[in-house]
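This is what each chain is made of:
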Amino acid sequence: MTLNQISIFLENRPGQLAEITEELTEAEINIFALNIAEASEYGLIRIIVDDTDKAMSVLQENGFLATVSKVTSVGVSDKPGGLDAVAKIISAADINIEYMYSMIRQKDGLAYMIFKTADPEALEKALAAKGVF
Amino acid sequence: MGKFYQQETECMPREEIRKLQGERLVRIVKHVWDNVPYYKAKMEAAGVTPDDIKGLDDLHKLPFTSKEDLRETYPDGMLAVPKNQAVRIHSTSGTTGKRVVKYYTQEDIDCWSECCARAIVAAGGDENDIVQVCYGYGLFTGGAGLDGGSHKVGALTLPMSSGNTDRQIQFMTDLGATILCCTPSYAAYLSECIVERGYRDKIRLKAGIFGAEAWSEEMRHDIESKIGIKAYDIYGLTELGGPGVSFECEEQKGMHVNEDHYIAEIINPKTLEQLPNGTQGELVFTNLTHQAFPVIRYRTRDICVLNDAPCSCGRTHIRMAKPMGRSDDMMIVKGVNVFPSQIETVLIDQGYSPNYQIIVDRVNNSDTIDVNVEMSPERISDNLGRIAEMEKSLVAALKAMLGIYVKVHLVAPKSITRSEGKAVRVIDKRKI
Ligand SMILES: [Zn+2]
């Protein structure tokens, strides 16, 4: 499934993550997935939430620099080889993965992974063809 | 042809301007000789008397005036009229050493207001306009200068002074301001706020007159495109009387010097020789009409070029380029001359915010230069690698411009402290 992901630019200093989660909690926004990518002086926090528009306006009102991009969530069976099967489908479809991480929530015995690719639509099609959603 | 505040003067044939300047120079030199012992002593030391000054061609005989002269004679050693004829002072914001105090007679203020009125009319203003002045009022010349100009034009003046951005934007939208006057860094900040709050369609601004600090062409385009106005430069120094020494016309190709009130010269800052028009050098100004506190051949320290080619606007007064930098601003880092304006040009070119801070230091006897750059919405990505690549290309572009390695730090938006007046761009820890 294609989802909206918010990426927030942060300087690497203590307390930045807490500031963001606090603002979102106060606005009653639910975070489904969270991932941190860091360079030496700055980083990105990527989140998937229940209300992207509201989260964006909360973040911008509080002076954070954030951007929305499309990512793909994929249900991976929570047993050995589950991720491997999905990775094979993606590689066979010749789709390049920019980065990936896992969702906090599990559902129906499936672990949900988030994939960022240049072409979310192509990825979704390739997965659907193999019965993966 | 555009509109003029004083067409006859602003479009006077050049020979007539030079003749007028010559006559006024003779008069002002006599005035300071008679009334300012400090000037008389300087002229005597240079072996020149008022009798030697017969016209413009004799200007080069006169000694220069420096900021140090003005500080040395603080507070009233250069006053050229009895104090009871002066009606107001303005003063520089000098944080180091003594301030410079400029005195004005009522006539001086009227001339100054006319100079600013010419700038407002050149920016498309008339009595139907609403002019929002958010330069500081008080000792600073910015507020009083444009306020006076706006009154002469007959526009409705909003004397906002600087700061309180919420109130600025509220008045701007509620009262429908059409011309904005402030520092370029504050204009950049205001336009960012206007866009962020979604007020772009609620404002009625058509033009801005921005001065009192150096700004680049890129910064102009940035402000112009953000809020849909034409941004005009205006030049002046407190020592000369304030803003309105020169101003841009609709051509936006150099600022017309109000030559009936000022003589502009370019000199070689080392040999102090006059240089021909079109040559880069230090800008020097002489007050021709100021009665209370005229300065003769004042060295501005601004590096600049004069252009006497005819302008399509119809004004005949000589144009000065945007100063390339102040010799005060110039830093020597690793033996290389660095102007903050060069760094600003690269930042805007590369899509970063024009809000930055330069930190120069000396580590193990070697100079270091760091630039804190605010991350901009145009440069954010969900991909860290892409941000790092853009950072690398910024470092490369800075190296290409300056010839030295600059360490770049990407910081969060609005994390660099902004003064709502003049921006603090450079911290040189080597001097602390
Ligand atoms: Zn012109």
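Residues numbered from 1 in each chain as written. Chains lettered and ligands numbered in written order. Predicted model: local features only at pLDDT ≥ 70, side-chain atom pairs only at ≥ 80, totals over all residues. Heavy atoms only, no water.

Some thoughts on a nonpolar patch on the surface
A surface patch of nonpolar side chains, amounting to about 210 Å² of accessible area, comprises Leu83, Ile97 and Met100 of chain A. With respect to the helices, strands and loops of the structure, Leu83 of chain A is situated in helix H3 (residues 82-92). (Patch = residues over 30% accessible without salt bridge, like charges linked within 9 Å, V, L, I, M, F, W, Y side chains within 5 Å. Areas by Shrake-Rupley, 256 points an atom, 1.4 Å probe, with all protein chains shown as cover. Salt bridge = Lys/Arg side-chain N within 4 Å of Asp/Glu carboxyl O. Helix = DSSP H or I, 4+ residues; strand = E, 2+ residues; numbered from the N terminus.)

So, the coordination of the zinc ion
Residue and element names in this part refer to chain B. Protein ligation of the zinc ion involves Cys249 (SG), His256 (NE2), Cys311 (SG) and Cys313 (SG), the donor distances falling in the range 2.1 to 2.3 Å. Taken together, the four donor atoms coordinating the zinc ion span angles of 102 to 112° at the metal, a pattern that classifies the geometry as tetrahedral. Between consecutive donors of the zinc ion, the numbers of intervening residues give the motif C-x6-H-x54-C-x1-C. (Donors = N, O, S within 2.8 Å, 3.2 Å for Na, K, Ca; no water. Tetrahedral: all angles 85-135°; square planar, octahedral: opposite > 155°, others 65-115°.)

What to know about the pairing of strand S12 (residues 298-304) of chain B
Every regular strand shows the same layout, with side chains that alternate between the two sheet faces. All names here are of chain B. Extensive coverage of S12 is indicated by the burial of six of its seven residues. Judged from the four bridges that link them, strand S11 (residues 281-287) and S12 form a sheet pairing that is antiparallel. The residue of S12 that forms the bridge with Gly281 is Cys304. (Buried < 20%, exposed > 50% of the residue type's maximum accessible area, 1.4 Å probe, protein only. Pairing = 2+ DSSP bridges.)

Some points on the interface of chain A and chain B
Every contact between the two is made by 20 residues of chain A and, on the other side, 20 residues of chain B. Interface area, chain A with chain B, both sides summed: about 1500 Å², of which 61% is carbon and sulfur. Of all residues in chain A, the largest losses of buried area upon contact with chain B belong to Phe9, Tyr42 and Leu65 of chain A, amounting jointly to 41% of the total for that side. Between Arg386 of chain B and Glu98 of chain A there is a salt bridge whose closest N-O contact spans 3.3 Å. Applying the counting rule to chain A against chain B returns nine residue pairs in polar contact (both at pLDDT 80 or more). At the level of elements, strand S1 (2-11), strand S2 (31-38), strand S3 (42-49), strand S4 (65-77) and strand S5 (97-107) of chain A are the ones that each hand at least two residues to the side of chain A that touches chain B. Looking at side-chain class alone, the side of chain A that touches chain B contains eight nonpolar, six polar and six charged residues. (Contact = heavy atoms within 4.5 Å. Buried area = accessible area lost by both parts, 1.4 Å probe. Polar contact = N/O pair within 3.5 Å; in protein donor to acceptor, adjacent residues only side chain to side chain. Nonpolar A, V, L, I, M, F, W, Y, C, P; charged D, E, K, R; others polar.)

Comments concerning the packing of helix H1 (residues 16-26) of chain A against helix H2 (residues 52-61) of chain A
Residues and elements named next belong to chain A. Packing of H1 against H2 leaves a shortest axis separation of 10 Å and a crossing angle of 125°. One element, H1, and the other, H2, form an angle in the oblique class. H1 and H2 meet at a crossing whose hand is right-handed. Contacts from Ile20, Glu23 and Leu24 of H1 reach H2 at Ala55, Val58 and Leu59. Of the residues contributing to the contact of H1 with H2, the split by class is five nonpolar, no polar and one charged. (Axes fitted to C-alpha atoms, helices over the stretch in contact; angles between N-to-C directions. Parallel < 35°, antiparallel > 145°, perpendicular 65-115°, else oblique. Left-handed = near helix turned anticlockwise from the far one by under 90°.)

Quick look at the pattern of salt bridges
Scanning the model with the defined rule gives 28 salt bridges over all chains in all. Arg118 of chain B is the partner of Asp260 of chain B in a salt bridge, and the nearest nitrogen-oxygen pair spans 2.8 Å. With Asp260 of chain B in the loop between strand S9 (255-257) and strand S10 (262-267) and Arg118 of chain B in helix H5 (residues 106-122), this residue pair connects regions lying 142 residues apart in the sequence. Residue Asp367 of chain B is joined to Arg430 of chain B by a salt bridge in which the shortest nitrogen-to-oxygen separation is 3.1 Å. Here Arg430 of chain B lies in the segment after strand S21 (426-428) and Asp367 of chain B lies in strand S19 (residues 366-374), a separation of 63 residues in the sequence. Because the salt bridges share partners, they merge into one network encompassing Glu98 and Lys116 of chain A together with Asp382 and Arg386 of chain B.

Examining the environment of Gly75 of chain A
All names here are of chain A. Counting through the fold element by element, Gly75 comes out in strand S4. Of the residues examined, Gly75 reaches a relative accessible area of 10% and is grouped as buried. The contacts of Gly75, once residues within four sequence positions are left out, are Leu110, Ala111, Tyr112, Val132 and Phe133.

Structural notes on the packing of aromatic side chains
Residues and elements named next belong to chain B. All told, the structure shown has nine aromatic pairs over all chains when counted by the stated rule. Ring centres 6.0 Å apart and planes at 25° place the aromatic pair Tyr103 and Phe293 in the stacked group. With Tyr103 in strand S2 (residues 101-104) and Phe293 in the loop between S11 and S12, this pair connects stretches of sequence that are 190 residues apart. Each member of the pair, Tyr103 together with Phe293, is buried. Following the ring pairs from residue to residue traces out a cluster consisting of Tyr235, Tyr262 and Phe285. We note Lys322 situated over the ring of Trp215; from NZ or CZ to the ring centre the distance is 3.8 Å. (Phe/Tyr/Trp six-rings, centres within 6.5 Å; stacked < 30°, edge-to-face > 60°. Lys NZ or Arg CZ within 6 Å of the ring centre and 35° of its normal.)

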